[in-house]
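Now for the letters of each chain:
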Amino acid sequence: MSSPHHHPKPETLAEYAAGRLDEARSVVIASHIEICPRCAAELSAYESLGGALLEDTEPAAMRDDALENVLARIGANVTPAQSDAAPKPASALSAFMDGGLDDIKWQWVAPGVHQHVMKAQGYRDSVLRLVKFAPGKGVPVHSHKGEELTLLMRGAYRDGLGEWRAGDLSDLDQDHTHEPIAIGSEPCICLIATAAPLEFKTMLGKALQPFVRL
Ligand SMILES: [Zn+2]
């Protein structure tokens with residue numbers, strides 16, 4: 001796999017470094033960082049910066065569990081040998097899967113579209129899922145009420161914002177509208193964390209939503 005061309009926004013990486021992302025989004029970011037030297041380097045920079053800034057952090061401004069995450073990371077990562085970047089605990093995708101991508105029990109959602117929903121903490125607020133599109137298939141045009149992080153694991157898709165290949169990360173918020181469609185000859189598999197249900201823009205999409213549960 002060549003180095004990814006699309007990366008999380010700096011503010012998303014900074015939130016991840018501070019332990020402020022929910023588990024679903026943390027898994028997507030952690031999975032991208034594992035294969036992206038550029039983001040791994042950026043993360044270490046945030047983490048050493050974070051150690052210095054931690055004393056200035058306003059605890060009241062953070063959610064309770066976010067603070068807990070930060071505390072857990074202090075215990076886990078900010079040890080005397082601070083430069084040895086310890087792996088992020090419990091945020092590797094493998095912790096949520098029984099096997100590899102080829103062992104997944106896919107659930108049908110629409111012609112050419114399958115999904116596999118995974119239980120992540122904060123499950124009601126944000127959902128972590130794998131979605132598989134057959135070539136030429138995709139999700140009807142939609143925007144987001146919250147953030148949507150997508151890591152392309154296999155294949156490729158195009159969505160009007162660009163072309164995305166394995167390793168690329170798409171970091172979207174409520175200002176973006178897009179319609180991803182798988183391109184190429186093999187199915188496209190994405191790891192997606194959504195902070196809120198999608199907001200479909202067409203009658204067809206709206207009509208399908210109760211059934212596809214996206
Ligand atoms: Zn990256």
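Conventions adopted
- Residues numbered from 1 in each chain as written.
- Predicted model: local features only at pLDDT ≥ 70, side-chain atom pairs only at ≥ 80, totals over all residues.
- Heavy atoms only, no water.
- Helix = DSSP H or I, 4+ residues; strand = E, 2+ residues; numbered from the N terminus.
- Expected span 1.5 Å × (residues − 1).
- Buried < 20%, exposed > 50% of the residue type's maximum accessible area, 1.4 Å probe, protein only.
- Polar contact = N/O pair within 3.5 Å; in protein donor to acceptor, adjacent residues only side chain to side chain.
- Donors = N, O, S within 2.8 Å, 3.2 Å for Na, K, Ca; no water.
- Tetrahedral: all angles 85-135°; square planar, octahedral: opposite > 155°, others 65-115°.
- Arc of directions from axis to C-beta.
- Pairing = 2+ DSSP bridges.
- pLDDT = per-residue confidence, 0-100.
- Contact = heavy atoms within 4.5 Å.

> Give a detailed account of helix 2 (residues 23–35), specifying residues and quantitative values.
If you check helix 2, its first and last C-alpha atoms are 19 Å apart, about what 13 residues at 1.5 Å a residue would give, namely 18 Å. Most of helix 2 sits inside the fold, with 10 of its 13 residues counted as buried. Of the positions making up helix 2, those classed as buried are A24, R25, S26, V27, V28, I29, A30, S31, H32 and I33. Put simply, D22 is the residue that caps the front of helix 2, since its side-chain oxygen is 3.2 Å from the backbone nitrogen of A24.

> How would you sum up the side chain of S31? Please name residues and give values.
Following the sequence through the fold, S31 ends up in helix 2. In this structure S31 comes out as buried when scored by relative accessible area, which is 8%.

> Describe the coordination of the zinc ion, and please don't skip the residues or the numbers.
The coordination sphere of the zinc ion, as far as protein atoms go, consists of H7 (ND1), H32 (NE2), C36 (SG) and C39 (SG), spread over 2.0 to 2.3 Å. Coordination geometry of the zinc ion: the 4 donor atoms subtend angles of 97 to 119° at the metal centre, consistent with an arrangement described as tetrahedral. Here the donor residues for the zinc ion map to a single chain with the spacing H-x24-H-x3-C-x2-C. Overall, H32 belongs to the buried group, its relative accessible area being 0%. On the accessibility criterion, C39 (1% relative accessible area) is buried.

> Let's hear about helix 1 (residues 10–17): which residues, and what values?
Looking only at helix 1, the buried set comprises T12, L13, Y16 and A17. Along helix 1, the residues classed as buried sweep out an arc of 140° about the axis, all on the same side. Note on helix 1: the residue one or two positions beyond its end, G19, has a positive phi of about 75°.

> Before we move on, can you summarise the pairing of strand 2 (residues 113–118) with the specific residues and values?
Both strand 1 (residues 107–110) and strand 2 contribute to a ladder of 3 bridges, which runs antiparallel. Across the sheet, Q107 pairs through a bridge with Q115, a residue of strand 2. In this structure, the hairpin formed by strand 1 and strand 2 is closed by a connection of 2 residues, where G112 is found at a positive phi of approximately 80°. Here strand 2 pairs with strand 3 (residues 127–133) via 6 bridges, running antiparallel. Bridged to H114 within strand 3 is K132.

> Account for the confidence of the model for the chain, with residues named and values stated.
Residues at a pLDDT of 70 or more form 63% of the chain, whose mean pLDDT is 75. This stretch, residues 70–90, has a pLDDT under 50; its non-local contacts, to residues over four places away or in other chains, come to 20 contacts.

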